[in-house]
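These are the residues of each chain, in order.
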Amino acid sequence: SELQAIQSTEDLTIMASNRNLLVLPGDGIGPEVMNEVRKIIAWMGKKRAIGFDIKEDLVGGAALDKHGVPLSDDAMKTALEADAVLFGSVGGPKWDTADFSKKPERGLLRLRKEMDLFANLRPAKVFDALVDASSLKPEIVKGLDIMIIRELTSGVYFGEPRGRHVNAAGEVEAFDTQRYTAPEIRRVCAVAFELARKRKNKVLSSEKANVMHTGVLWREEATKLHKEKYSDVKLDHMYADALAMQLLRAPKEFDVIVTDNLFGDILSDEASMLTGSLGLLPSASLGAPDATGRRKALYEPIHGSAPDIAGKGLANPIAQTLSYAMMLRYSFDLGKDADMVELAVENVLKAGYRTGDLLVGNTDGVKKVGTQEMGDAIVKE
Ligand code: NAD
């Protein structure tokens, strides 16, 4: 069939272009959901003349099995040369006992570090057809469309000194250091302001300036940058604990939220659950712009490799599909084409197509489908 014919990456090379894409499917359901995105890439090449020079490599456990490391130097080099990386997911029980430095997740961390992907974008959008999948009341989440930007390469997960020792009182003590420089704060806030201009023009910056020095600096730098370059955007500030409450009370009040690594880790998970399922949520991680204005970028679903359903054809390909749409929008300025993909997903959900993870609440009139049927329905739409 046509769909089978366009599934392999080789078919796409005839549409070579100057858009360089590295595809890293990874482990578990990663390769399964990536296969569905390949169908859309092929459709886009044929019907919209959007071609990519596609390279593909191994990451995570798959790379560990073949190369003895979760990301080979070759793959790293290709990633640095690519305009964008489309990533699946890594990990699984097979590699749980691997040495810490060789764990599948280290492959992803290496990519983030060497590509200097400091801004992690996580949209939380509620599809009308899935309003009931949220644990919140429909009126709180209907129409929700927010973007959380988490600083990804600094803060308490990286600050030195860190470690553990026995202190002077003879007690075991562990410590981490929350540390931010002004430029680190400014560059991630700049991403937030720029994104807000393409959305509802509102940024909420969040920290704990009431109790933390880094919070005070964060608020100062966000305010300064806003005054200097982005005064057309509406800027507000909120303590991170208050924001955790507001996200549950009235999430629709927000547009773009920008915050540090630790708070962003927690708040973006909270926000994503407003939408119902892990299988729906994409993300983007962006680096600094180069001389041509293009940022290094990696796009991935927020879910993991889902070993419990891997290999069974049950995984929901929507998060991976929407990650591809984000790539079109942010790396290649193909906003209209990204809209098409997102609309196709929305229509397929409206028509009642549901993978297992979306079967909640009233299931009258829904069509239970597997990974491939969902992918095919999106391509058809
Ligand atoms: P997970 O996201 O893989 O799965 C959590 C639950 O959600 C599972 O029940 C799974 O079946 C379900 N789920 C996830 N994605 C789905 C999809 N697309 N469609 C349908 N159901 C889906 O998280 P986990 O179980 O905590 O971790 C499993 C493995 O993935 C671990 O090895 C973990 O380290 C790794 N992991 C990797 C990433 C990544 O690659 N970025 C992220 C998180 C976890």
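In what follows, the accompanying structure is described. (Residues numbered from 1 in each chain as written. Predicted model: local features only at pLDDT ≥ 70, side-chain atom pairs only at ≥ 80, totals over all residues. Heavy atoms only, no water.)

**Brief notes about the environment of T321**
- Examined against the element boundaries, T321 turns out to sit in helix α11 (residues 318-332).
- In the structure, T321 is positioned 215 residues away from R106 in sequence and 24 Å away in space, judged by C-alpha atoms.
- Apart from residues no more than four positions distant in its own chain, T321 is found in contact with V37, I40, V341, V345 and I378. (Helix = DSSP H or I, 4+ residues; strand = E, 2+ residues; numbered from the N terminus. Contact = heavy atoms within 4.5 Å.)

**A word on the site of the ligand**
- Around the ligand sit 21 residues, and of these E105, G304, A306, D308 and N316 come closest.
- Between the ligand and E105, the relevant distance is 2.4 Å, taken from an oxygen atom to a side-chain nitrogen or oxygen of the residue.
- With respect to the ligand, the backbone of G304 contributes an N or O atom lying 2.7 Å from an oxygen atom.
- Contact with the protein chains covers 68% of the free accessible surface of the ligand, which is 810 Å².
- Grouping the amino acids of the shell around the ligand by side-chain chemistry returns 9 nonpolar, 8 polar and 4 charged. (Near = heavy atom within 4 Å. Polar contact = N/O pair within 3.5 Å; in protein donor to acceptor, adjacent residues only side chain to side chain. Areas by Shrake-Rupley, 256 points an atom, 1.4 Å probe, with all protein chains shown as cover. Nonpolar A, V, L, I, M, F, W, Y, C, P; charged D, E, K, R; others polar.)

**A few points about helix α12 (residues 335-350)**
- Between its terminal C-alpha atoms α12 stretches 22 Å, which fits the 22 Å expected from 16 residues at 1.5 Å a residue.
- All of the buried residues in α12 are D337, A338, V341, E342, A344, V345, V348 and L349. Buried residues of α12 fall within an arc of 150 degrees about the axis and therefore sit on the same side. Structural note: α12 exposes K336 and K350 on the side pointing more than 90 degrees away from its buried face.
- Close packing links the buried residues of α12 with α2 (30-48), β4 (119-125), α11, β13 (353-354) and α13 (371-380). (Expected span 1.5 Å × (residues − 1). Buried < 20%, exposed > 50% of the residue type's maximum accessible area, 1.4 Å probe, protein only. Arc of directions from axis to C-beta.)

**Section: the nonpolar core**
- Grouped together as the largest cluster of nonpolar side chains are 66 residues, with contacts concentrated most on L21, F52, L121, I149, V203, Y299 and Y324.
- Here this core gets 9 residues from one element, more than from any other, and that element is helix α7 (residues 182-197).
- Contact partners of Y299, with chain neighbours within four places excluded, come to A84, V85, L86, F87, S283, A284, L286, S323, M326, M327, Y330 and S331.
- One finds V141, F263, A271 and L274 within the second-largest nonpolar core, a separate group that totals 17 residues. (Core = buried A, V, L, I, M, F, W, Y, C linked by side-chain atoms within 4.5 Å.)

**With respect to the side chain of S205**
- Relative to the helices and strands, S205 is located in strand β8 (residues 202-207).
- Taking relative accessible area as the criterion, S205 reaches 0% and is therefore assigned buried.

**Comments concerning the sheet that holds strand β11 (residues 282-289)**
- Read from one edge to the other, the open sheet built from 10 strands follows the order β2-β1-β3-β12-β11-β4-β5-β10-β8-β9, with strand pairing classed as mixed. Of all the strands in the sheet, just β2 (53-56) and β9 (234-239) have a single pairing partner and so form its edges. Taking the axes of each pair of neighbouring strands and ignoring which way they run, one obtains an average angle of 20 degrees across the sheet.
- In the sheet, strand β5 (residues 145-151) pairs with strand β10 (residues 256-259) via 4 bridges, with the strands oriented parallel. In the strand pairing of β10, R150 is matched with T259.
- Its contacts with the sheet put helix α10 (residues 261-273) on β4, β5, β8 and β10, and the angle it makes with β5 is roughly 155 degrees. (Pairing = 2+ DSSP bridges. Axes fitted to C-alpha atoms, helices over the stretch in contact; angles between N-to-C directions.)

**Here we look at the pattern of salt bridges**
- Scanning the entire structure with this criterion turns up 28 salt bridges.
- Between D83 and R294 there is a salt bridge; the shortest N-O distance is 3.3 Å. Of the two residues, D83 sits in the loop between α4 (73-81) and β3 (84-89) while R294 sits in the loop between β11 and β12 (295-301), which places them 211 residues apart along the sequence.
- The exposure class of D83 is buried, given its relative accessible area of 14%.
- Salt bridges here are not isolated pairs; linked through shared partners, they connect R186, E221, K224 and E228. (Salt bridge = Lys/Arg side-chain N within 4 Å of Asp/Glu carboxyl O.)

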